[in-house]
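Fold and contact review
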Amino acid sequence: MNTSGDPAQIGPEGCRGTMSAEEDARWLRWVTQQFKTIAGEDGEISLQEFKSALHVKESFFAERFFALFDSDRSGTITLQELQEALALLIHGSPMDKLKFLFQVYDIDGSGSIDPDELRTVLQSCLRESAISLPDEKLDQLTLALFESADTDGNGAITFEELRDELQRFPGVMENLTISAASWLMAPAPRPRPHQPRQLTRAYWHNHRSQLFCLAAYAGLHVLLFALAAGAHRHLGASVMVAKGCGQCLNFDCSFIAVLMLRRCLTWLRATWLAQVLPLDQNIQFHQLMGYVVVGLSLVHTVAHIVNFVLQAQAEASPFQFWELLLTTRPGIGWVHGSASPTGVALLLLLLLMFICSSSCIRRSGHFEVFYWTHLSYLLVWLLLIFHGPNFWKWLLVPGILFFLEKAIGLAVSRMAAVCIMEVNLLPSKVTHLLIKRPPFFHYRPGDYLYLNIPAIARYEWHPFTISSAPEQKDTIWLHIRSQGQWTNRLYESFKVSDPLGCGSKRLSRSVTMRKSQRLSKGSRILLENHQFCNIKCYIDGPYGTPTRRIFASEHAVLIGAGIGITPFASILQSIMHRHQKRKHTCPNCQHSWMDGVQDNMKLQKVDFIWINRDQRSFEWFVSLLTKLEMDQAQETQHDRFLELHMYMTSALGKNDMKAIGLQMALDLLANKEKKDSITGLQTRTQPGRPDWSKVFQKVAAEKKGKVQVFFCGSPALAKVLKGHCEKFSFRFFQENF
């Protein structure tokens, strides 16, 4: 029933497996209470109320459950009828539950299931799982399951035949022993991820560089604070606190820029320092320093205010409090007494940047607010030079590096404009851009770049992961999901008839493009909704990411959620290019062998896991994955090192009664056609979310070398995966998403 309220803590937990007698009793008490809440004074539940309580997308199953529970055929369910039905399903044997499943499928109550009834059931299963298949494919699924179950060939499936068919699928029979709560309730919230015990051996192994840097950072602050406070101890406690915080702010406000030197960080990733310094966490450290700067600024300000109050109260003071705080008359500061007003301005600017940097601003379609307010760091540095007499000394080296990098980036990006040659509009509002690759643009798999399209926004630069492999010489691929104002404008601009001036010389360009298209047809995404164009743009990069470590791994597990597949698309293509380059075949005996390790690639096994909510999202890279499967099919079983795993979270899992028939039919047809009905790949798409404990147990059991897990997706899922990696002592690397 309704999963809201305190009883939800009882019901959903029981959904996960066979409940104990005590849990059964508690769950039935909860159901009784829920029934009374829904039924009201008449003590009965109508079909509409039953549908609402079940939270199902497709009404077919609600109607079938209701009809079977309504034993007196009165059109309503009483509490007694509901309790009797649930008691049978909870305490009944697997055979009792199987009989109930058979009655659900036997729509006309004839005692057998004919092909049309089975088709109706499977069609409802598809709708419930948000899977869209053509009628021809639905007919094939129906016939595959029907012909397999109808062993006597009489044109109908009896209860015994359905039982025998289910016994061929052990997982299905196993799920029939699960409590009926899992059939009748909305999916429960997923349990919290395994939380690693802090400072365990595994935790230290995965976080030693971060912990060392945090300790050094904290120690440096203690030292700076103590030295500055001690030098001003004769001026009182408030001045000591203000000076101590000010000295720490000198360091933080200058070093915070170093963490965003993308070119320097990319260069460092290629050195031994990448093994020592937590370069992958530069943004997290930047955010941490931002919090520290705001916190120290507040303490610094409060300490000065306390000092000003004490000074204003002194009889010998010629200045009032507001003059000390807001004017230059007291002469506080090294540049015309400007310390106080510049301090107030700095605090206001920092608070503005802090507020506009929050995730609710950045991820709610207002990225531009974050972007433009963050540019006020230039004004902050200028005010700090006037505010503090020693800040310019701290800023000298980081500032020179910062402005050199900015100048180089601007010069390189504007040296020669590139053009967008082709655009594909993909499902779920994803824009696939094909950009002409400049001759000087050398990148590695998984790298990202900054893109500026003057026709969209003249001054805005946005980072996007490169989804093409470096071995692809002519074009650069970007897959951009519409999640903000700029990305939405980009997508919408190509939906019009002549976007961004694509109409000029369209036929000439089409002829040229089609020629190049025929030359590289196997490696291109060809969709109906695509356009040829010649739109000027600028790129800045490339910049490195944690995924550069993949080729130094022995067993890599790549996990992408939704559009988080983009860095792995580049990596998978590059892996196959390198694998084919290492492989040789004798022209006489056709014996094949592999060269020794080249290109620093130590990979022995790659597991690629892609999780999507809906079916159409798989279309983004289905052609690439098909090609990878074809390349792997040419290898012997021993030489196949790439394994694909697809998950569709909107599809009902195999422990859901409404999905049992559909999953059986999909399995049968996949075995017959040697491809998945949902994606067209050889790899079977699994319904629901992965069971990460089982996934990592299987990875650990393969013993293909040290396991490193690379993830790109939502922060919530990152926490779950990180917890499991701690449990199995796997290294975990997260791409910022």
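As a reminder, the structure under discussion sits directly above these lines.
These lines cover the structure that appears in this document, whether it is placed above or below. Because the structure is a prediction, the values reported are computed rather than measured.

What follows concerns the overall build of the protein chain. Within the protein chain one finds 28 helices and 16 strands. Looking at the protein chain residue by residue over its 737 residues, the buried ones come to 51%. Taking all contacts inside the protein chain whose residues are at least 6 apart in sequence as the whole, residues at least 24 apart take part in 70%. As displayed, the protein chain offers around 35800 Å² of accessible surface, 58% of which is attributable to carbon and sulfur atoms.

On to a nonpolar patch on the surface, then. On the surface, Trp 334, Trp 392, Leu 396, Val 397, Ile 400, Leu 401, Leu 404 and Ile 408 cluster together into a nonpolar patch covering about 770 Å² of accessible area. Within the fold, Leu 396 resides in helix α21 (residues 391-415).

The next point concerns the sheet that holds strand β15 (residues 707-712). The 6 strands lie next to each other as β14-β13-β12-β9-β15-β16, forming an open sheet whose pairing is parallel. The outermost strands of the open sheet, each flanked by one partner alone, are β14 (685-687) and β16 (731-735). For this sheet, the mean inter-axis angle between neighbouring strands, taken without regard to orientation, is 20°. As defined by bridge partners, strand β12 (residues 605-612) adjoins strand β13 (residues 642-648) across 7 bridges and the pair is classed as parallel. Across the sheet, the residue bridging to Trp 610 is Met 646, located in β13. Along the sheet face, helix α25 (residues 622-633) touches β12 and β13 and points at about 145° away from the line of β13.

Let us look at the side chain of His 387. Looking at where His 387 falls in the secondary structure, it is placed in helix α20 (residues 377-387). A polar side-chain atom of His 387 sits 3.1 Å from a polar atom in the side chain of Thr 342. Beyond its immediate chain neighbours, meaning those up to four positions away, His 387 contacts His 300, Trp 334, Ala 339, Thr 342, Gly 343 and Leu 346.

Let's shift gears to the pattern of salt bridges. Under the definition given, this model contains 14 salt bridges. A salt bridge links Asp 135 to Arg 119, with the shortest nitrogen-to-oxygen separation between them at 3.9 Å. A residue pair is termed long-range when its members are at least 10 positions apart, and Asp 135 in helix α8 (residues 135-149) and Arg 119 in helix α7 (residues 115-128) qualify at 16 residues.

Take the pairing of β15 next. The element β15 is largely enclosed, with a buried count of 6 among its 6 residues. Side chains Val 707, Val 709 and Phe 711 of β15 all project onto a buried face; the interleaved residues Gln 708, Phe 710 and Cys 712 project onto the opposite face, where all are buried too. Inspection of the sheet shows strand β9 (residues 555-561) paired to β15 by 6 bridges, in the parallel sense. Each residue of the ladder has a partner; that of Val 557, found in β15, is Val 709. Each parallel crossover has a hand, and the one from β15 via helix α28 (residues 715-728) to β16 is right-handed.

Strand β8 (residues 530-543) sits mainly inside the fold: 11 of its 14 residues count as buried. Pairing geometry for strand β3 (residues 418-426) and β8, over 6 bridges, is antiparallel. Residue pairing for β8: Val 418 is matched across the bridge by Cys 537. Bridge analysis of strand β5 (residues 448-452) against β8 gives 4 bridges, and the strand direction is antiparallel. Note that in β8 the partner of Leu 451 across the bridge is Ile 539.

Further remarks concern α7. With 14 residues, α7 extends 20 Å between its outermost C-alpha atoms, agreeing within 8% with the 20 Å of an ideal straight helix rising 1.5 Å per residue. Listed in full, the buried residues belonging to α7 are Glu 117, Leu 118, Val 121, Leu 122, Ser 124, Cys 125, Leu 126 and Glu 128. Those residues of α7 that are buried lie in contact with α4 (59-69), α6 (94-105), α8 and α26 (660-673). Measuring from the backbone nitrogen of Asp 116 back to the side-chain oxygen at the start of α7 gives 3.0 Å, which picks out Asp 114 as the cap. Two residues or fewer after α7 comes Ala 130, characterised by a positive phi angle close to 60°.

Before going further, it helps to examine the nonpolar core. By size, the foremost hydrophobic cluster in this structure holds 84 residues, and its most contacted members are Phe 69, Leu 558, Phe 608, Trp 610 and Leu 625. If you tally residues by element for this core, the top one is α26, at 7 residues. In contact with Trp 610, not counting residues within four places along its chain, are Gly 560, Gly 562, Ile 565, Ser 617, Phe 618, Trp 620, Phe 621, Leu 625, His 645, Met 646 and Tyr 647.

What follows is about the sheet that holds β8. Strand order in this open sheet of 6 strands is β6-β5-β8-β3-β4-β7, and the pairing throughout is antiparallel. Of all the strands in the sheet, just β6 (462-465) and β7 (475-481) have a single pairing partner and so form its edges. Looking at each pair of strands side by side, their axes are set apart by 40° on average, direction ignored. In this fold α21 packs onto β5 and β8, with an angle of close to 155° to the strand it touches most, β8. Across the sheet, helix α22 (residues 485-493) is in contact with β3, β4 (430-436), β5, β6 and β7; its angle to β4 comes to roughly 80°.

What follows is about unusual backbone geometry. With an omega dihedral of 5°, the bond running from Gly 541 to Pro 542 counts as a cis peptide bond. Considering the arrangement of structural elements, one finds Pro 542 in strand β8. Located in the positive-phi region is Arg 73, a residue other than glycine, with phi close to 55°. If you trace the backbone, Arg 73 turns up in the loop between α4 and β2 (77-78). Of note in the backbone geometry, Lys 703 takes a positive phi value of approximately 50° without being a glycine. Among the structural elements, Lys 703 can be located in the loop between α27 (692-702) and β15.

Now for the packing of aromatic side chains. In this structure the tally under the stated criterion is 25 aromatic pairs. Judged by centre distance (5.4 Å) and plane angle (75°), the rings of Tyr 377 and Trp 381 are edge-to-face. In this pair, Tyr 377 and Trp 381 are both assigned in helix α20, 4 residues apart and thus about one turn of the helix distant. On the basis of relative accessibility, which here comes to 7%, the residue Trp 381 falls in the buried class. Centre to centre, the rings of Phe 568 and Phe 608 are 6.5 Å apart; their planes meet at 70°, and the pair counts as edge-to-face. Placement of the pair is Phe 568 in helix α24 (residues 566-582) and Phe 608 in strand β12, with a sequence separation of 40 residues.

This brings us to the environment of His 232. Structurally, the position occupied by His 232 is in the loop between α12 (201-231) and α13 (237-255). Given a relative accessible area of 25%, His 232 falls into the partly exposed group. Sequence-wise, His 232 and Gly 244 are 12 residues apart; in three dimensions their C-alpha atoms are separated by 9.0 Å. Setting aside chain neighbours within four positions, we find His 232 in contact with Val 239, Met 240 and Lys 243.

Moving on, we come to the environment of Arg 414. Summarising the element assignment, Arg 414 is placed in helix α21. Along the primary structure Arg 414 and Cys 537 are separated by 123 residues, whereas in three dimensions their C-alpha atoms are 9.5 Å apart. Leave out the neighbours within four places in its chain, and Arg 414 touches Asn 452, Arg 458, Trp 461 and Tyr 538.

Cut-off values and rules
- Residues numbered from 1 in each chain as written.
- Predicted model: local features only at pLDDT ≥ 70, side-chain atom pairs only at ≥ 80, totals over all residues.
- Heavy atoms only, no water.
- Helix = DSSP H or I, 4+ residues; strand = E, 2+ residues; numbered from the N terminus.
- Buried < 20%, exposed > 50% of the residue type's maximum accessible area, 1.4 Å probe, protein only.
- Contact = heavy atoms within 4.5 Å.
- Areas by Shrake-Rupley, 256 points an atom, 1.4 Å probe, with all protein chains shown as cover.
- Patch = residues over 30% accessible without salt bridge, like charges linked within 9 Å, V, L, I, M, F, W, Y side chains within 5 Å.
- Salt bridge = Lys/Arg side-chain N within 4 Å of Asp/Glu carboxyl O.
- Pairing = 2+ DSSP bridges.
- Axes fitted to C-alpha atoms, helices over the stretch in contact; angles between N-to-C directions.
- Polar contact = N/O pair within 3.5 Å; in protein donor to acceptor, adjacent residues only side chain to side chain.
- Right-handed = clockwise from strand over helix to strand, strands pointing away.
- Expected span 1.5 Å × (residues − 1).
- Core = buried A, V, L, I, M, F, W, Y, C linked by side-chain atoms within 4.5 Å.
- Phe/Tyr/Trp six-rings, centres within 6.5 Å; stacked < 30°, edge-to-face > 60°.

In short, shape yes, function no, at least from these values alone.
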